[in-house]
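Survey of secondary and tertiary structure
These are the residues of each chain, in order.
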Number of protein chains: 2
Amino acid sequence: MNTPGQRLARGTCRHLHTHGFVCLEEVIPTPGLRVDVMALGPKGKIWVVECKSSRADFMADGKWQNYLPWCDRFFWAVDTQFPTDLLPPDTGLIFADDYDAEIIRMGPDQKLPPPRRKSITHIFARAAALRLQALRDPNHLSLRI
Amino acid sequence: MNTPGQRLARGTCRHLHTHGFVCLEEVIPTPGLRVDVMALGPKGKIWVVECKSSRADFMADGKWQNYLPWCDRFFWAVDTQFPTDLLPPDTGLIFADDYDAEIIRMGPDQKLPPPRRKSITHIFARAAALRLQALRDPNHLSLRI
């Protein structure tokens, strides 16, 4: 386990699994934009979770609104010490630690347009399979992820 | 590395990566049907590859035609010793070994209907992400794959 943000992501991914969502970390839905956690639900819903370990970490993120067009619901994942008053009220909130998490507030369901859902699901599928292939076949040097 | 079929799959997956396809092994597109390799292309094409290590292995497979509705193209992956005359002529053929492979013959492009492509891509995405999550977070016992 590495950074505080990655530890929040681990607990978040574990918890979202109990909601039937599978998760992928550090997904690039479009060049220049990287989301901490992208989750794909049993019926195709896409949730995005940004993990913020501190006030400074949150304040440095000037582009979170750019994530909104890439998900049905958007969440922040923070620990219980985080000053949640900072967070915009119309976004989702998850309390997480290294081991688990809990959804405190659901963000609004924005309903992705079908072509974008298709495109995100495709990107998600390819990123997940490529990383899995790289882990399963580490000696195959031409796999770059 | 395990069975001869899994070794053919490894070489096949490596090779399909050079065609821009990402691969996932042992995918269940619908209950009761398991394909050896499912590959997802850069523009969303789905290829299915069945790996056959011997004549007996091929002869025991009475249901390969059930795979056809789940892919744009269907291939057999065999080693160069395999009696390829056994294989139906209107299917794709890949020669594979543990390390690489080569496409010898492309099967016909059947063009999946869009709803089925959507459904397969979704299944592929969830299976890949779940397996990746289980490898990255092996202590999380509730992950069953």
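Figured I'd write up the structure that's included with this text. Keep in mind it's a predicted model, so treat the numbers as computed, not measured.

A few words on the sheet that holds strand E2 (residues 33-40) of chain B. Residues and elements named next belong to chain B. What the six strands build is an open sheet, ordered E1-E2-E3-E4-E5-E6; its pairing is mixed. With one partner strand each, in any of the chains shown, strand E1 (22-30) and strand E6 (101-105) form the two edges of the open sheet. Neighbouring strand axes in the sheet, compared pairwise and without regard to direction, differ in orientation by 35° on average. Pairing analysis gives four bridges linking E2 to strand E3 (residues 46-51), with the strands arranged antiparallel.

This part covers the packing of helix H3 (residues 114-136) of chain A against helix H3 (residues 114-136) of chain B. Think of two packed helices as two axes; the pair is described by the angle between the axes and how far apart they sit. For the pair H3 of chain A and H3 of chain B, interaxial distance at closest approach is 8 Å and the crossing angle is 40°. On the basis of the axis angle, H3 of chain A is oblique to H3 of chain B. Once H3 of chain A is placed against H3 of chain B, the crossing between them reads as left-handed. Listed contacts from H3 of chain B to Thr121, His122, Phe124, Ala125, Ala128, Ala129, Arg131, Leu132, Leu135 and Arg136 of chain A of H3 of chain A are Thr121, His122, Phe124, Ala125, Ala128, Ala129, Arg131, Leu132, Leu135 and Arg136 of chain B.

So, on to the sheet that holds strand E3 (residues 46-51) of chain A. Residues and elements named next belong to chain A. Within the open sheet, the six strands sit side by side as E1-E2-E3-E4-E5-E6. Their pairing is mixed. What marks the edges here is a single partner per strand, and that holds for strand E1 (22-30) and strand E6 (101-105). Neighbouring strand axes in the sheet, compared pairwise and without regard to direction, differ in orientation by 35° on average. Relative to strand E5 (residues 92-96), strand E4 (residues 73-78) runs parallel, the two being bridged by four bridges. When the sheet's bridge partners are listed, Trp76 is paired in E5 with Leu93. In the packing of H3 onto the sheet, the strands contacted are E1, strand E2 (33-40) and E3, and the crossing angle to E1 comes to about 115°.

With respect to the helices, strands and loops of the structure, Glu25 of chain B is situated in strand E1. For Glu25 of chain B, a relative accessible area of 16% puts it in the buried group. Ignoring any residue separated from it by four or fewer positions in sequence, one finds Glu25 of chain B in contact with Arg136 of chain A together with Ala9, Cys13, Val35, Asp36, Val37 and Arg131 of chain B.

Moving on, we get to helix H1 (residues 4-18) of chain B. Residue and element names in this part refer to chain B. If you check H1, its first and last C-alpha atoms are 22 Å apart, about what 15 residues at 1.5 Å a residue would give, namely 21 Å. Of all 15 residues that make up H1, eleven are buried, and the element is covered over most of its length. Every buried residue of H1 is listed here: Gly5, Leu8, Ala9, Arg10, Gly11, Thr12, Cys13, Arg14, His15, Leu16 and His17. Where H1 ends, the next residue or the one after it, Gly20, has phi of about 85°, a positive value.

Our focus in this paragraph is H3 of chain B. For H3 of chain B, which comprises 23 residues, the first-to-last C-alpha distance of 33 Å matches the rise-based estimate of 33 Å (1.5 Å per residue) to within 8%. Listing the buried residues of H3 of chain B in full gives Arg117, Ile120, Thr121, His122, Phe124, Ala125, Ala128, Ala129, Leu130, Leu132, Gln133 and Ala134 of chain B.

We now examine the relation of the copies chain A and chain B. Once chain A has been moved 0.0 Å along the axis and rotated by 180°, it coincides with chain B to within an RMSD of 0.0 Å. Taken together, the turn and the small shift mark the pair as related by a two-fold rotation axis. When C-alpha positions in chain A are compared against the rotation axis, the closest is assigned to Ala125 of chain A, at 1.9 Å. A shared interface surface links the copies, since 100% of the contact residues of chain A are contact residues in chain B too.

Reading guide: rules and limits
Residues numbered from 1 in each chain as written. Chains lettered and ligands numbered in written order. Predicted model: local features only at pLDDT ≥ 70, side-chain atom pairs only at ≥ 80, totals over all residues. Heavy atoms only, no water. Pairing = 2+ DSSP bridges. Helix = DSSP H or I, 4+ residues; strand = E, 2+ residues; numbered from the N terminus. Axes fitted to C-alpha atoms, helices over the stretch in contact; angles between N-to-C directions. Parallel < 35°, antiparallel > 145°, perpendicular 65-115°, else oblique. Left-handed = near helix turned anticlockwise from the far one by under 90°. Contact = heavy atoms within 4.5 Å. Buried < 20%, exposed > 50% of the residue type's maximum accessible area, 1.4 Å probe, protein only. Expected span 1.5 Å × (residues − 1). Least-squares fit on C-alpha atoms with pLDDT ≥ 70 in both.

Read these as geometric descriptors, not functional statements.
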